[in-house]
Amino acid sequence: MTVCVLHAAAEMFPLLKTGGLADVVGALPPAQSQLGTHARVVLPGFPAVLAGLEDLQSVADLGGAFGAGNVRLERGVLQPHGVVVYVVRADQFYDRPGNPYLDAAHRSYADNDRRFALLAWAAARIAKGADPAWKPHIVHAHDWHAGLAPAYLRAFERGGAARTASVMTVHNLAYQGTFPASEFGALQLPGDFYAVEGVEFYGHVSFLKAGLYYADRITTVSPTYAREIQTQTHGAGLHGLLQTRTHDITGILNGVDYSIWSPSVDESIASKYTASKPSAKSKCKAALQERMGLARDDDALLFGVVSRLTEQKGLDLLLSAVPDIVQRGGQLVVLGTGDPALETGMKNAAAAHPGAVAIELGFDETLSHSIIAGSDVVMVPSRFEPCGLTQLYALAYGSLPLVHRVGGLADTVVDSSLENLADDLATGFVFDTFDRAGIVGAIRRAFALKSRRTDWKAVVKRAMNQSFSWEAAALEYAEVYQGLMGR
Ligand code: ADP
Ligand code: GLC
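Only a predicted model underlies this, so the values are computations on that prediction, with no experimental measurement involved.

Procedures and definitions
Residues numbered from 1 in each chain as written. Chains lettered and ligands numbered in written order. Predicted model: local features only at pLDDT ≥ 70, side-chain atom pairs only at ≥ 80, totals over all residues. Heavy atoms only, no water. Helix = DSSP H or I, 4+ residues; strand = E, 2+ residues; numbered from the N terminus. Rg over C-alpha atoms; globule rule 2.2 N^0.38 Å. Buried < 20%, exposed > 50% of the residue type's maximum accessible area, 1.4 Å probe, protein only. Contact = heavy atoms within 4.5 Å. Areas by Shrake-Rupley, 256 points an atom, 1.4 Å probe, with all protein chains shown as cover. Lys, Arg positive; Asp, Glu negative; His and termini not counted. Charge placed at Lys NZ, Arg CZ, Asp CG, Glu CD. Phe/Tyr/Trp six-rings, centres within 6.5 Å; stacked < 30°, edge-to-face > 60°. Lys NZ or Arg CZ within 6 Å of the ring centre and 35° of its normal. Near = heavy atom within 4 Å. Polar contact = N/O pair within 3.5 Å; in protein donor to acceptor, adjacent residues only side chain to side chain. Nonpolar A, V, L, I, M, F, W, Y, C, P; charged D, E, K, R; others polar. Domains from an automatic or database assignment. Buried area = accessible area lost by both parts, 1.4 Å probe. Salt bridge = Lys/Arg side-chain N within 4 Å of Asp/Glu carboxyl O.

J.: Explain the overall build of the chain to me, please; I cannot follow it from the model alone.
T.: Looking only at helices and strands, one finds 19 helices and 18 strands in the chain. By the compact-globule yardstick of 23 Å for 487 residues, the chain fits well, its C-alpha radius of gyration being 23 Å. Dimensions of the chain along its principal axes, counting C-alpha atoms only, are 70 × 45 × 45 Å. Burial analysis of the chain (487 residues in total) assigns 60% to the buried set. Summarising the internal contacts of the chain: among those between residues at least 6 apart in sequence, 71% fall at separations of at least 24. For the chain, the computed accessible surface area is about 18600 Å², with 51% contributed by carbon and sulfur atoms. Within the chain, the 49 negative side-chain charges are centred at a point lying 2 Å from the centre of the 42 positive side-chain charges.

Here's what the structure looks like:
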């Protein structure tokens with residue numbers, strides 16, 4: 001029997017992206033469809049989503065809900081893969097300029113609880129047959145934005161609806177969607193759902209907790225993170241609940257969409273190259289140095305960063321190590337946006353080291369490819385990292401990742417220690433302790449490896465030959481779904 005799954009999420013590449021969630025929601029459904037799972041997606045009707053879909057049609061009138069006015073369900077198609085995408089059309093909620101979550105002053109929208117409750121509720125309505133032409137067996141909710149979907153499914157079952165299974169994927173436990181308890185009444189859930197055995201979390205409503213509690217299965221985006229979130233250190237207050245669900249949790253590593261992230265097909269980089277003929281990579285480096293106002297020097301070891309500028313990403317630690325990079329003749333280029341203090345820190349570093357450190361503040365898809373291709377080393381020194389995609393992209397481009405041994409970073413990068421070099425295992429640089437000594441040690445290893453030309457080339461080649469396919473991930477998700485069918 002063909003499994004039909006509905007992904008509920010806030011972002012999907014290329015329609016709308018603020019981080020890795022979008023890359024996953026853009027790539028997983030087509031990979032699943034290739035393998036015979038019928039995967040569709042439901043998204044909020046943000047302007048960029050509406051603008052990017054073809055054949056947009058009205059499917060159903062969902063009535064008034066959450067104070068959003070009249071809500072309509074529409075359905076379009078996202079090319080080139082032909083993924084069917086449902087759109088929750090509620091312009092009062094979603095037709096706002098800029099970021100999907102934050103207003104112009106970078107504050108969360110005051111009605112984010114109702115905006116995302118609507119997404120989850122609409123997903124559950126689709127599961128209950130809102131589209132007469134298609135109904136999923138499984139609702140697959142991503143992150144807190146869709147966390148209430150499993151709760152609505154349970155609520156509808158109480159009203160007599162047939163059972164629909166659900167999967168909750170945690171892309172980041174740090175974002176939980178917690179709201180004041182006083183908002184619970186607006187969520188259209190049965191009163192007794194506000195309980196420790198339910199959506200309540202330390203006197204608040206937590207959308208993520210709701211998903212973790214009510215979903216039939218839980219997945220997260222790497223095996224190591226799946227273990228970490230069950231510990232007090234990394235559990236963000238939810239480890240107790242997660243421990244009780246340990247047998248329902250699976251860590252499935254994200255993949256790479258190699259049709260987008262591969263130096264042999266990438267139209268946005270200065271020159272294409274391959275693992276067997278990587279020489280043109282130096283043209284990408286020269287172009288990046290030029291573009292960012294760095295000294296044109298092929299010998300300068302170029303470190304790149306493409307990242308949200310948040311506490312998670314450990315870029316304060318990187319800032320403390322900038323002198324170590326520069327004194328050794330290295331260069332640093334950063335593309336990012338976010339926390340004002342980190343933005344200022346980056347700007348100051350660039351001002352202090354003209355020609356050696358360059359920063360671009362903002363979100364720029366094309367430049368992100370140029371940095372991944374043009375850097376010698378891509379840094380991801382995160383405090384915690386559920387999976388991380390940039391280190392996977394870096395591997396594909398032969399730009400050796402330098403990472404903290406945590407979460408998905410630990411699962412995907414092998415340090416260039418002498419023994420790993422000797423055993424042909426090394427693909428990058430990994431540090432164990434999140435402190436200056438840790439990151440500087442890894443930076444020094446990068447310089448040391450660079451000075452051994454043959455070893456460097458061998459590691460670059462091995463990095464480029466790594467494969468993190470979405471097909472492999474889709475097969476693992478299929479197993480999770482199979483466990484839910486016929487229950
Ligand atoms: P996270 O989802 O925590 O931000 P990931 O590594 O999983 O981290 O994914 C980040 C994604 O967002 C990658 O595709 C990365 O290239 C992209 N990205 C992050 N910051 C920027 C930026 N400033 N401009 C362009 N792309 C960015
Ligand atoms: C989150 C995580 C990141 C992960 C991404 C996609 O934003 O921070 O580690 O790669 O989701 O799953």
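On we go from here.
J.: Looking at this structure, I do not really get the packing of aromatic side chains. What am I missing?
T.: The description of two aromatic rings rests on the distance between their centres and on the angle between their planes. Using the criterion set out here, one finds 18 aromatic pairs in the structure. Every member of this aromatic cluster is reached through a ring pair, and the members are Tyr101, Phe116, Trp144, Phe179 and Phe207. A cation over a ring is seen here: Arg96 above Tyr109, with NZ or CZ 4.7 Å from the ring centre.

J.: Which parts of the structure should I look at to understand the site of ligand 1?
T.: In the vicinity of ligand 1 there are 20 residues, among which Lys17, Gly20, Asp23, Arg308 and Gly362 approach most closely. At a separation of 2.8 Å, an oxygen atom of ligand 1 approaches a polar side-chain atom of Lys17. Taking Leu389, its main chain carries an N or O atom lying 2.8 Å from an oxygen atom of ligand 1. Alone, ligand 1 offers 560 Å² of accessible surface; in the complex the protein occludes 93% of this. When contributions to the shell around ligand 1 are tallied by element, the ones reaching two or more residues are helix 1 (20-34), strand 13 (302-309), strand 14 (331-338) and helix 14 (390-396). Top element by residues in the shell around ligand 1 is strand 13. It accounts for three residues. Across the shell around ligand 1, the residue classes break down as five nonpolar, nine polar and six charged. Structurally, the shell around ligand 1 is a two-domain feature, drawing no fewer than three residues from each of domain 1 (4-255 + 470-485) and domain 2 (281-464).

J.: Whenever I open this one, the site of ligand 2 confuses me. Can you help?
T.: By nearness alone, 14 residues border ligand 2, and His171, Asn254, Glu385, Cys387 and Gly388 come closest of all. At 2.4 Å from an oxygen atom of ligand 2 is found a side-chain nitrogen or oxygen belonging to Glu385. In this structure, an oxygen atom belonging to ligand 2 sits 3.5 Å away from a main-chain N or O atom of Pro386. It is helix 1 that provides the largest number of residues to the shell around ligand 2, a total of three residues. Taken together, the residues of the shell around ligand 2 break down into six nonpolar, six polar and two charged. A domain-level breakdown of the shell around ligand 2 finds at least three residues from each of domain 1 (4-255 + 470-485) and domain 2 (281-464).

J.: Explain the domain arrangement of the chain to me, please; I cannot follow it from the model alone.
T.: Many structure descriptions define interface size as the accessible area lost when the parts assemble. On domain assignment, one finds that the chain holds domain 1 (4-255 + 470-485) and domain 2 (281-464). Placing the centre of domain 1 and that of domain 2 at their C-alpha centroids yields a distance of 33 Å. Facing the 19 residues of domain 1 at the interface are 17 residues of domain 2. Interface area for domain 1 against domain 2, summed over the two sides, is near 1400 Å², with a carbon-plus-sulfur share of 59%. Summed over the shared surface of domain 1 and domain 2, the result is one salt bridge. We note a salt bridge from Lys17 to Glu365, for which the minimum N-O separation is 3.3 Å. If you list the elements that add at least two residues to the side of domain 1 that touches domain 2, you get helix 1 and helix 7 (223-228). Broken down by element, the side of domain 1 that touches domain 2 gets its largest block of residues, four residues, from helix 7. Looking at side-chain class alone, the side of domain 1 that touches domain 2 contains seven nonpolar, nine polar and three charged residues.

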